[in-house]
Amino acid sequence: MRQAGRSMQEYRSLREKYTLLEICKKTELACEVTLQPVRKLGVDAAILFADILLPAAPLGISFDFSQGEGPVIRNPIREAGDVERLRSFDPREDLSFVLSTIRLVRKELSSSIALIGFAGAPFTLASYLIEGGRSDYYLRTKSMMHQRPDLWEKLMDKITTATFDYLSAQAEAGAQAVQLFDSWAGALSPEDYQKFVLPYSQKILERLAQAGIPTIHFSTGTGGFLDLLRKAGGDALSVDWRISLKEAWKKIGYDKGIQGNLDPASLLSPPEILKSLTQNILHQAEGRPGHIFNLGHGVLPQTPEDHLKIVVETVKEWKNASSS
Ligand code: CP3
């Protein structure tokens, strides 16, 4: 989860010379940044360096990243014509740089370490395209859902098709699993999620499962409707710290993997406290297979790099102790 971004010194030095988009587009740089946390922190999997906004460009939406603000869209989707104008595209051509990065990472990375590809889920991507950037209340997005359900359906259908194609191209290029990021799904009521979002994420996750591609379904703030997220699909579901891991797993079902759920703020605590907060999560997982230890959301920019290492080492110590 943006593990390389912001907190790691090597990444920040690179960002003094290149923009985020330049790094994504230069295969060697994107490969290097993907590998940095694996080398430095010793994590078990690498997450592709890219961004959920990349498919917006071939869809016909122009955007940029502004310092600290995240994505800024120049021509947001506001009316029927904007949805009509969205182009269908072939990720193998229009996002070939992402696929080249995957191929290069796969060549450089030990075969024992998985590479995770990713894309934004239709709701989260649509929210950026409609709002024009980050949002507190998602008013325009929710207005479209409720007042123009016909437009919403058309938009979501287009994004759904593009996202499935993009993720299957990533798997074909060598990603061993893909993660669907519905980062802002927690802004919705369970009813809205069920009616306006679930069918689209479900379609992507079902088709990926049919193709034999392992999936992680990520969201935050969705503790109140984890049953619906389970229904939408994913081999593993990611939860944040607003629900205990124990309760989340019980709600989701033990036949699914679970990812999470350390509060990123914990990483600002002194080492001893951080260690105990980390162990608390491991304790709740009870050594059950299918636990992917992770933060509940992205690494905060203020995070000291050696604290990331403490978390990784604490998880590894626990694992070694419980397997011996
Ligand atoms: O771990 C990694 O570094 C992998 C690469 C990665 C990035 N974005 C690069 C990036 C991943 C996995 C993402 C996913 C992403 N992007 C999500 C879903 C996951 C989540 O965290 O919820 C979302 C919602 C986005 C959209 C986005 N991109 C936002 C909101 C921001 C601003 C974040 C901030 O507070 O600065 C970005 C910018 C971005 N994408 C950075 C990185 C490393 C930030 C640092 C930079 O500008 O270099």
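In what follows, the structure referred to is the one given above.
Heads up: these notes are all about the structure in this document. Bear in mind the structure is a predicted one, so any value in this text is a computation, not a measurement.

### Thoughts on the overall build of the protein
Moving on, step 1. Within the protein one finds 15 helices and nine strands.
Moving on, step 2. Taking 2.2 N^0.38 as the reference for a compact globule, 324 residues should give roughly 20 Å; the C-alpha atoms of the protein span a radius of gyration of 19 Å, in line with that estimate.
Moving on, step 3. Considering the protein as a whole, with its 324 residues, one finds that 55% of them fall into the buried category.
Moving on, step 4. Residue pairs at least 24 apart in sequence account for 70% of intrachain contacts in the protein once pairs closer than 6 positions are excluded.
Moving on, step 5. For the protein, the exposed area adds up to about 14,600 Å²; of that, 49% sits on carbon and sulfur atoms.
Moving on, step 6. Seen as two clouds, the 38 positive and the 39 negative side-chain charges of the protein have centres 0 Å apart.

### Considering the sheet that holds strand E9 (residues 291–295)
Consider a sheet: its strands pair through backbone hydrogen bonds, and that pairing is either parallel or antiparallel.
Moving on, step 1. In space, the seven strands of this open sheet follow the order E1-E4-E5-E6-E7-E8-E9, with parallel pairing throughout. Since the sheet does not close on itself, it has two edges, and those belong to strand E1 (45–47) and E9, each with one partner. If you compare each strand with its neighbour and ignore which way they point, the axes differ by 25 degrees on average.
Moving on, step 2. Bridge count for strand E4 (residues 114–120) against strand E5 (residues 177–182) is five bridges, and the pairing is parallel.

### Looking at helix H9 (residues 139–147)
Moving on, step 1. The complete set of buried residues in H9 reads Thr 141, Met 144 and Met 145. Buried residues of H9, seen end-on, are gathered within an arc of 100 degrees and therefore sit on one face of the element. Counted as exposed and oriented over 90 degrees from the buried face of H9: Leu 139 and Gln 147.
Moving on, step 2. Elements that come into contact with the buried residues of H9 comprise helix H8 (122–131), helix H10 (149–173) and helix H11 (190–210).

### A word on the packing of helix H7 (residues 96–108) against H10
Moving on, step 1. Axis separation between H7 and H10 bottoms out at 8 Å; the angle between their running directions is 30 degrees. Relative to H10, the element H7 lies roughly parallel. As for the relative orientation of H7 and H10, their crossing is right-handed in sense. Along the contact surface, H7 presents Val 98, Leu 99, Ile 102 and Arg 103, while H10 presents Tyr 166, Ala 169, Gln 170 and Ala 173.
Moving on, step 2. Classifying every residue of the contact of H7 with H10 gives six nonpolar, one polar and one charged.

### Things to note about the side chain of Ser 183
Moving on, step 1. By the element assignment, Ser 183 lies in the loop between E5 and H11.
Moving on, step 2. The class for Ser 183 is buried, based on a relative accessible area of 9%.
Moving on, step 3. Apart from residues no more than four positions distant in its own chain, Ser 183 is found in contact with Thr 124, Phe 218, Thr 220 and His 297.

### Side note on the pattern of salt bridges
Moving on, step 1. By the definition in use, this model includes 16 salt bridges.
Moving on, step 2. The partner of Lys 154 in a salt bridge is Glu 84, and the shortest N-O contact between them spans 3.4 Å. Taken together, the residues span a long stretch of sequence, with Lys 154 in helix H10 and Glu 84 in helix H5 (residues 80–84) at a distance of 70 residues.
Moving on, step 3. What makes Glu 84 partly exposed here is its relative accessible area of 48%.
Moving on, step 4. Asp 90 serves as the salt-bridge partner of Arg 92, at 3.8 Å between the closest nitrogen and oxygen.
Moving on, step 5. In the salt-bridge network here, residues are joined through shared partners; they are Glu 10, Lys 40 and Glu 305.

### Concerning the nonpolar core
Burial of nonpolar side chains together is a common tendency in soluble globular proteins.
Moving on, step 1. Membership of the largest hydrophobic core comes to 108 residues, with the highest contact counts inside it found for Leu 54, Ile 77, Trp 152, Leu 155 and Tyr 193.
Moving on, step 2. The leading source of residues in this core is H10, at twelve residues.
Moving on, step 3. Other than its neighbours up to four places away in sequence, Leu 155 contacts Ile 77, Val 83, Leu 86, Ala 126, Ile 130 and Met 144.

### Focus: helix H15 (residues 305–323)
Moving on, step 1. Here H15 spans 28 Å end to end across 19 residues, near enough to the 27 Å set by a 1.5 Å rise per residue.
Moving on, step 2. Among all positions in H15, only Glu 305, His 307, Leu 308, Ile 310, Val 311, Val 312, Thr 314 and Val 315 are buried.
Moving on, step 3. Turning to H15, the residues buried within the fold contact helix H1 (9–17), helix H3 (27–41), strand E8 (257–262), helix H14 (271–285) and E9.

Analysis parameters
Here the residue numbers are simple positions, counted from 1 along each chain's written sequence. Since the coordinates come from a predicted model, pLDDT governs what is reported: local features require at least 70, and pairs of side-chain atoms require 80 or more to be given and counted, while whole-chain, interface and lining totals use all residues. With hydrogens and water set aside, each side-chain value is computed from the structure's full complement of heavy atoms. Secondary structure counts use DSSP, requiring at least four H or I residues in a row for a helix and at least two E residues in a row for a strand, with both numbered from the N terminus. It is over C-alpha atoms that the radius of gyration is taken, and the globule rule equals 2.2 Å times the number of residues to the power 0.38. Relative accessibility thresholds used throughout: buried, under 20% of the residue-type maximum; exposed, over 50%; partly exposed, between the two (1.4 Å probe, protein chains only). Note on definitions: a residue-residue contact is assigned when non-hydrogen atoms from the two residues lie within 4.5 Å. Exposure was quantified through the Shrake-Rupley algorithm and a 1.4 Å probe, taking into account, for residues, occlusion by the shown protein chains and nothing else. The positive count covers Lys and Arg only, the negative count covers Asp and Glu only, and His and the chain ends enter neither. For the purpose of locating charges, the reference atoms are NZ of Lys, CZ of Arg, CG of Asp and CD of Glu. Pairing between two strands requires that DSSP report at least two bridges joining them. Note on method: axes are straight lines fitted to C-alpha atoms, helices fitted across the in-contact stretch only, with angles between N-to-C directions ranging 0 to 180 degrees. In this context, the arc is that of the directions from the helix axis out to the C-beta atoms. Should an angle lie under 35 degrees it is considered roughly parallel, over 145 roughly antiparallel, and from 65 to 115 roughly perpendicular; all remaining angles are considered oblique. Note on convention: the crossing is left-handed when the near helix lies turned anticlockwise from the far helix by less than a right angle, right-handed when the turn is clockwise. Throughout, the ten residues Ala, Val, Leu, Ile, Met, Phe, Trp, Tyr, Cys and Pro are labelled nonpolar, Asp, Glu, Lys and Arg are labelled charged, and all others, Gly among them, are labelled polar. Put simply, a salt bridge is a Lys or Arg side-chain nitrogen that is within 4 Å of an Asp or Glu carboxyl oxygen. For the purposes of this section, nonpolar cores are sets of buried Ala, Val, Leu, Ile, Met, Phe, Trp, Tyr and Cys residues that join through side-chain atoms within 4.5 Å. The span one expects for a helix is its residue count, reduced by one, times 1.5 Å.

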